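Descriptive structure summary
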Amino acid sequence: MGLKIQAFEAGGDVGGVWYWNRYPGARVDLPSIDYSFSFSPEIEQEWTWSEQFAAQPELMRYFHFVAERLDLRKHYQFNTRVESARWDEARQLWVVRTNRGECYEARYCIMATGPLSVPKEPEIDGIARFGGQILRAARWPHEPVDFSGKRVGVIGTGSTGIQIVQEVGKQACELFVFQRTPSFTMPMRNVPLEPEYVAEVKRHYAGIRELARNSNVGGVRPQSSRPFFSVTPAQRQALLEDAWLQGGLAMLAPLPT
């Protein structure tokens, strides 16, 4: 289209939320194939996922691969946060100002910040007096953290808390989980992707993407429109047992359509 592009990123590299979320156990909760970009058939063929549910390090390798393959970094200004983006009605353009004191003007402005771009500070009385180390999942250190022999408290049991607990618990001397609202989780039953399966997916990528675009769930994840009580109790039990053994998202739609 002949447009000049200027992207701003608060992080030091590409990756978005995965650049920041480096906590132990961080991985996708959707199949890697669903999670990957679909705009480039070439990249689909050149990149190979190693697991059904990719972990954060592999996701970062994927983002680096795409950025290098398409020479994207030349369009980025990293370690830069946009402080304001104002529409100038008279001139019909956006006026964008950054934390570096720079001002840019553009006809089009895409807000790709997402809902997780600014972490919420914990509102706990006395937290400033805490003498130990405080780590936040959304701003995890880039260097490894050793929990050996330490007493660790994990606040919250959303999907992030669950992932952290199952990994940090292997190292910590003691692990305490502070939970306000009980949550539930399903066994992921993650598996390595066999070469034969990967080759089959790559042969049928076009069809897989077409199905995903026309799917109610936006991917090739399980879905069903059949009422749960339209089958007998014995059949329901069998279907649920099978979904449990499959793990992951199978439990969300254990019934055949």
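Let me sum up the structure you'll find in this document.

1. Things to note about the pairing of strand β3 (residues 82-88)
Walk down a regular strand and you will see the side chains alternate between the two sheet faces. Where β3 lies against strand β4 (residues 93-98), six bridges are found, and the strand directions are antiparallel. Bridged to S84 within β4 is R97. Count of turn residues in the β3/β4 antiparallel hairpin: four residues, of which Q92 carries a positive phi of about 60 degrees.

2. Points about a nonpolar patch on the surface
Side chains of I124, I155, F176 and F178 sit close together on the surface and give an oily, nonpolar patch of about 410 Å² of accessible area. Inspection of the secondary structure assignment puts F176 in strand β7 (residues 174-178). For F176, a relative accessible area of 36% translates into the label partly exposed.

3. A short note on the sheet that holds strand β5 (residues 103-106)
Across the sheet, three strands lie side by side as β3-β4-β5; this open sheet has antiparallel pairing. For this open sheet the edge positions go to β3 and β5, each flanked by a neighbour on one side alone. The average angle at which neighbouring strand axes cross in this sheet is 20 degrees, direction not considered.

4. A short note on the nonpolar core
Counting 28 residues, the largest nonpolar core has W18, W49, L59, Y62 and F63 as its most contacted members. When residues of this core are traced back to their parent elements, those giving at least two are α1 (17-20), α4 (56-69), β6 (151-155) and α5 (159-168). Among the elements that make up this core, the one with the highest residue count is α4 (six residues). Here Y62 is in contact with S36, F37, I43, W47 and W49, once residues within four sequence places are set aside.

5. What about the pattern of salt bridges?
Per the counting criterion, the structure on display carries 12 salt bridges. R91 is paired through a salt bridge with E105; the nearest N and O atoms lie 2.8 Å apart. Linking R91 in the loop between β3 and β4 with E105 in strand β5, this pair joins segments that are 14 residues apart in sequence. Assessed through its relative accessible area of 42%, R91 is described here as partly exposed. Assessed through its relative accessible area of 45%, E105 is described here as partly exposed.

What counts and what doesn't
- Residues numbered from 1 in each chain as written.
- Predicted model: local features only at pLDDT ≥ 70, side-chain atom pairs only at ≥ 80, totals over all residues.
- Heavy atoms only, no water.
- Pairing = 2+ DSSP bridges.
- Helix = DSSP H or I, 4+ residues; strand = E, 2+ residues; numbered from the N terminus.
- Patch = residues over 30% accessible without salt bridge, like charges linked within 9 Å, V, L, I, M, F, W, Y side chains within 5 Å.
- Areas by Shrake-Rupley, 256 points an atom, 1.4 Å probe, with all protein chains shown as cover.
- Salt bridge = Lys/Arg side-chain N within 4 Å of Asp/Glu carboxyl O.
- Buried < 20%, exposed > 50% of the residue type's maximum accessible area, 1.4 Å probe, protein only.
- Axes fitted to C-alpha atoms, helices over the stretch in contact; angles between N-to-C directions.
- Core = buried A, V, L, I, M, F, W, Y, C linked by side-chain atoms within 4.5 Å.
- Contact = heavy atoms within 4.5 Å.

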